[in-house]
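Understanding the architecture of this molecule
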Amino acid sequence: MAYWAHPSAVVDDGAQIGDGSKVWHFSHVCAGARIGAGSSLGQGVYVGNDVVIGANARIQNNVSVYDAVTLEDDVFCGPSMVFTNVYNPRAAVSRKAEYRHTLVKQGATLGANCTIVCGATVGAHAFVGAGAVVTADVPDHALVVGVPARRIGWMSRHGERLPLPASGQGTAACPATGESYRLDGDVLTLL
């Protein structure tokens, strides 16, 4: 076994878990799940059958990654954040054939207790603030907060807030790396 799992974790036969990954206390990885190398699943994490998690992902305690969710490389899921996969659930109505796919792109951060409503795409290196409720797509590098989530700024690849307006024109450098970014309307580009 090239990954490590705590004795209390349940990893179903058929699950694919990459080298160096860790599955902590009381977590459950279903048979069809695919998890990349170097990822970490915290305590009480559930990973469904139709789930892809990239390399170096960090899934903190008490997160359920349900069917139809894809997390690319380097995604951070904060403690107790929530994914959904049915838009209008009812206990008495089976809607498994109506799952909406959720995509979280490379390097995105999903803050503690935020909710990602199914069908949304969270862009690369975007940052969803703690407690936010994402109901629509989030652009690359966007910083979103609130209920429903709204863009209030922009983040560098390093996770630093850039001194730019939520929309408009401008350039800024990441204070940690010096990388330069250009804002053109509602699109931020690494130069």
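In this report, the structure presented in the accompanying data block is examined. Predicted model only: the values in this text are computed from it and were never measured.

Regarding the packing of aromatic side chains
All told, the structure shown has 2 aromatic pairs when counted by the stated rule. Seen in terms of ring centroids, tyrosine 46 and tyrosine 66 are 6.0 Å apart; in terms of plane orientation they differ by 50 degrees. Their pairing is tilted. Pair noted here: tyrosine 46 is in strand β8 (residues 46-47) and tyrosine 66 is in the loop between β11 (64-65) and β12 (69-71), with a separation of 20 residues, a long-range link. Relative accessible area serves as the criterion here: at 27%, tyrosine 46 is assigned to the partly exposed category. For the cation-ring pair, arginine 100 lies above tyrosine 87, with the distance from its terminal atom to the ring centre recorded as 4.1 Å.

What about the pattern of salt bridges?
In total, this model carries 3 salt bridges according to the counting rule given. For arginine 151, the salt bridge identified is with aspartate 186, shortest N-O distance 2.6 Å. With arginine 151 in strand β22 (residues 150-155) and aspartate 186 in the loop between β25 (180-185) and β26 (187-190), this pair connects stretches of sequence that are 35 residues apart. Judged by relative accessible area, which is 40%, aspartate 186 ranks as partly exposed.

Some words on the sheet that holds strand β15 (residues 102-104)
Strand order in the open sheet made by the 6 strands is β3-β6-β9-β12-β15-β18, with parallel pairing throughout. Each having just a single partner strand, β3 (16-17) and β18 (121-122) make up the two edges of the open sheet. As judged from the 3 bridges shared by β12 and β15, these two strands associate in the parallel manner. Looking at the pairing, valine 69 lines up with threonine 102 of β15.

Overview of unusual backbone geometry
Omega for the bond connecting valine 147 with proline 148 falls within 30 degrees of zero, at -10 degrees, which places this linkage in the cis form. With respect to the helices and strands, proline 148 occurs in the loop between β21 (142-145) and β22. If you check the backbone angles, serine 80 has positive phi at about 60 degrees while not being a glycine. Among the secondary structure elements, serine 80 is positioned in the loop between β13 (76-77) and β14 (82-83).

What about the side chain of threonine 109?
Topologically, threonine 109 is positioned in strand β16 (residues 109-110). Residue threonine 109 is classed as buried on the basis of its relative accessible area of 18%. Residues in contact with threonine 109, not counting those within four places in the same chain, are Phe76, Ala126, Phe127 and Val128.

Looking at the environment of valine 63
The residue valine 63 is located in the loop between β10 (58-59) and β11 in this model. On a C-alpha basis, the gap between valine 63 and glycine 44 in space is 7.0 Å, while along the polypeptide they are 19 residues apart. Not counting residues within four places of it along the chain, the set of residues in contact with valine 63 comprises Gly44, Val45, Tyr46, Cys77, Gly78, Pro79, Ser80, Met81 and Phe83.

What counts as what
Residues numbered from 1 in each chain as written. Predicted model: local features only at pLDDT ≥ 70, side-chain atom pairs only at ≥ 80, totals over all residues. Heavy atoms only, no water. Phe/Tyr/Trp six-rings, centres within 6.5 Å; stacked < 30°, edge-to-face > 60°. Helix = DSSP H or I, 4+ residues; strand = E, 2+ residues; numbered from the N terminus. Buried < 20%, exposed > 50% of the residue type's maximum accessible area, 1.4 Å probe, protein only. Lys NZ or Arg CZ within 6 Å of the ring centre and 35° of its normal. Salt bridge = Lys/Arg side-chain N within 4 Å of Asp/Glu carboxyl O. Pairing = 2+ DSSP bridges. Contact = heavy atoms within 4.5 Å.

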